[in-house]
Amino acid sequence: MSTPRISYAHMNATVNPKHVDSLVRFFESGAKPERDDGYGVEIEHLPVRNGSDQAVNYYEPNGVEELLNRMRPYYDADKEYWENGRLVGLARKGISISLEPGAQVECSIGVLHSPEELAVEYDRFRQEIDPILDALDFRLVNYGYQPNTSYADIPVNPKSRYEAMTDYLGRVGQYGLCMMRGSASTQVSIDYQGEQDAIRKLRVGTAVGPILAWFFRNTPYFEGVENPFPLLRQRMWDFLDCQRTNLIPGLYDDRFGWEDYAVDVLSTPMMFADLTHTPEAEGLPEAQKHRAAFRDNAGEIYPDRELNAYEVNHVLSTHFNDVRLKNFIELRHWDSLPVERAQRLTEVIGSLFYNDANLDRLTSYFDGLSDLDVLEAKANLQAHGAESTPYGQPLDFWQEFLGLEGLLADVPGDPAHPDVFQA
């Protein structure tokens, strides 16, 4: 009798063992046996025109492309990112500026060694960008979704990746194009010491993430009306594409390890193929190097060899689990937050994952948890909101148990509308 697989996802898929080894070595490279306790924080912003509150797109006059071009003097010329002849990203030491599909402006800051450093770096970013925004007559809003524009009226920026994603996500799931064009998030990344530490942080983060998402919710609107979902971001991602979102298959099985994560990622249809850094693809037309991939997984796209660093990062970037493993752990549950709330969230994450006593307490509390328990907790929050009881406990219990005080919930996501908050 053969040993049962940990996960029953992708039952008829095969993977290349050399590719599995490539991903496992990548995970190993991120381990920090000597504690460093670093943070990476990403805050996505919605560009909104002053006066009308309509979304500002990449292409329009005095739009997001012009914003990036005017910001160039503040960033390193050799770290500019151009695609299809147009500027789509900037970077310098400690910070990078990139665009999500609907021209959401993402500010990625790190590595930070204390949550307090976030405000310092972010304030410098705002001092540079705000005068340019004023001149262009639009602003950056920290909500989880565009306040006054439908996804259908927002074009994607010029990255070939996003054209392929539009083709794929527009044909599967429920909210792919809404997520791509209208949503914005806050994400916090943390370190791990090794495989065992990474897995327990993945499990704890997956369990507590939906609860933290409730306390840091920040989405007043969805498709131009009041947002009907307690956790819109969770709703969109859970119904996006079950092959690559929601819980990591097999995560709560005692046998789960890095290799299982690698096999799951490599088994999944790629969504879009990126062969731009694959030497064997030299000479192919550009349209074939960047294309939608509805069926083919990594083993059917990439050569029979170890994957290079670019290919590894691309494969991992096509999965969007609630908590994602790269060469760090990325916690992805939260709406876009103003920096004060993002810093408080980072403090909470530090207290839960870098305080050994707290992490041990949470690991013990959730011992024996199953994926069904987590799915029930997520559904409970969506169904009952303020009256929900995730894992059988009311939200008052979780606020105290997780140390969720002083959450700065009165800080608006859009200072132009200081009285607007998600109910």
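None of the values given here were measured: they were computed from a predicted structure.

**A word on the overall build of the protein**
For the protein, the helix and strand inventory stands at 15 helices and 15 strands. The C-alpha radius of gyration computed for the protein amounts to 21 Å, which stays within 12% of the reference 22 Å derived for 423 residues, consistent with globular compactness. Considering only C-alpha atoms, the protein reaches an extent of 70 × 60 × 40 Å along its principal axes. Residue pairs at least 24 apart in sequence account for 75% of intrachain contacts in the protein once pairs closer than 6 positions are excluded. For the protein, the exposed surface amounts to about 17500 Å²; the carbon and sulfur share of it is 49%. Taken as two groups, the 38 positive and 67 negative side-chain charges of the protein have centres that lie 3 Å from each other.

**Remarks on the pairing of strand β7 (residues 185-190)**
Of all six residues making up β7, six are buried, and the element is well covered by its neighbours. Alternating residues of β7 divide into S185, Q187 and S189 and T186, V188 and I190, and every residue in both groups is buried. Direction of pairing for strand β1 (residues 39-49) relative to β7: antiparallel, over a ladder of five bridges. Bridge pairing in β7 places E42 opposite Q187. Here β7 runs beside strand β15 (residues 329-335); their pairing, made up of five bridges, is antiparallel. Residue S189 lies in a different strand from β15, and its bridge partner there is E330.

**Examining helix α14 (residues 371-384)**
End to end, α14 covers 20 Å across 14 residues, agreeing with the expected 20 Å (1.5 Å per residue, within 8%). Along α14, the residues classified as buried are V374, A377, K378, N380, L381 and Q382. Close packing links the buried residues of α14 with α6 (195-215), α7 (232-238), β10 (245-246) and α15 (395-401).

**Let's talk about the pattern of salt bridges**
Under the definition given, this model contains 32 salt bridges. The partner of R72 in a salt bridge is E80, and the shortest N-O contact between them spans 2.8 Å. With relative accessibility at 33%, the residue R72 sits in the partly exposed group.

**Comments concerning the nonpolar core**
With 102 residues, the main nonpolar core has F27, I97, F125 and L402 as its most contacted residues. In terms of residue count, α6 provides more of this core than any other element does, eleven residues in total. Setting aside residues no more than four positions away along its own chain, L402 makes contact with V208, I211, L212, L352 and L362. Among the nonpolar cores identified, the runner-up in size contains 21 residues, and L169, M236, M271 and F320 belong to it.

**What to know about the packing of helix α1 (residues 17-30) against helix α11 (residues 309-317)**
Direction vectors running N to C along α1 and α11 enclose 90°, while the axes themselves pass 10 Å from each other. As summarised for this structure, α1 and α11 are arranged roughly perpendicular, according to the angle between their axes. Residues S22, L23, F26 and F27 of α1 form the contact with α11, whose own contacting residues are V312, N313 and L316.

**Some words on the packing of helix α2 (residues 64-71) against helix α3 (residues 116-136)**
The description of two packed helices rests on the angle between their axes and on the distance between the axes. Direction vectors running N to C along α2 and α3 enclose 135°, while the axes themselves pass 10 Å from each other. Overall, the two elements α2 and α3 adopt an arrangement that is oblique. In the packing of α2 onto α3, the handedness of the crossing is right-handed. Residues E66, L67, R70 and M71 of α2 form the contact with α3, whose participating residues are F125, I129, I132, L133, A135 and L136. Here the residues of the contact of α2 with α3 sort into eight nonpolar, no polar and two charged.

**Some words on the side chain of S189**
Mapped onto the fold, S189 is located in strand β7. For S189, a relative accessible area of 10% translates into the label buried.

**Side note on the environment of L136**
Topologically, L136 is positioned in helix α3. Taking the C-alpha atoms as reference points, L136 and E223, 87 residues apart in sequence, are found 25 Å from one another. When neighbours within four sequence positions are excluded, L136 is seen to be in contact with R49, N62, G63, E66, L67 and R70.

**Describing α2**
Since the α-helix packs 3.6 residues into each turn, any two residues three or four apart lie on the same face. Among the residues of α2, those classed as buried are V64, E65, L67, L68 and M71. The buried side chains of α2 occupy one side of the element, clustering within an arc of 160° when seen end-on. Elements in contact with the buried residues of α2: β1, β3 (86-92), β4 (95-99), β5 (105-112), α3 and β6 (138-141).

**Focus: unusual backbone geometry**
Note that the residue after G110, namely V111, is joined by a cis bond; omega there is 10°. One can find V111 in strand β5. A positive phi is found at D53, a non-glycine position, where the angle reads about 60°. By the secondary structure assignment, D53 is in the loop between β1 and α2. Classification of D53 by relative accessible area gives buried; the value is 15%.

Rules used in this analysis
Residues numbered from 1 in each chain as written. Predicted model: local features only at pLDDT ≥ 70, side-chain atom pairs only at ≥ 80, totals over all residues. Heavy atoms only, no water. Helix = DSSP H or I, 4+ residues; strand = E, 2+ residues; numbered from the N terminus. Rg over C-alpha atoms; globule rule 2.2 N^0.38 Å. Contact = heavy atoms within 4.5 Å. Areas by Shrake-Rupley, 256 points an atom, 1.4 Å probe, with all protein chains shown as cover. Lys, Arg positive; Asp, Glu negative; His and termini not counted. Charge placed at Lys NZ, Arg CZ, Asp CG, Glu CD. Buried < 20%, exposed > 50% of the residue type's maximum accessible area, 1.4 Å probe, protein only. Pairing = 2+ DSSP bridges. Expected span 1.5 Å × (residues − 1). Salt bridge = Lys/Arg side-chain N within 4 Å of Asp/Glu carboxyl O. Core = buried A, V, L, I, M, F, W, Y, C linked by side-chain atoms within 4.5 Å. Axes fitted to C-alpha atoms, helices over the stretch in contact; angles between N-to-C directions. Parallel < 35°, antiparallel > 145°, perpendicular 65-115°, else oblique. Left-handed = near helix turned anticlockwise from the far one by under 90°. Nonpolar A, V, L, I, M, F, W, Y, C, P; charged D, E, K, R; others polar. Arc of directions from axis to C-beta.

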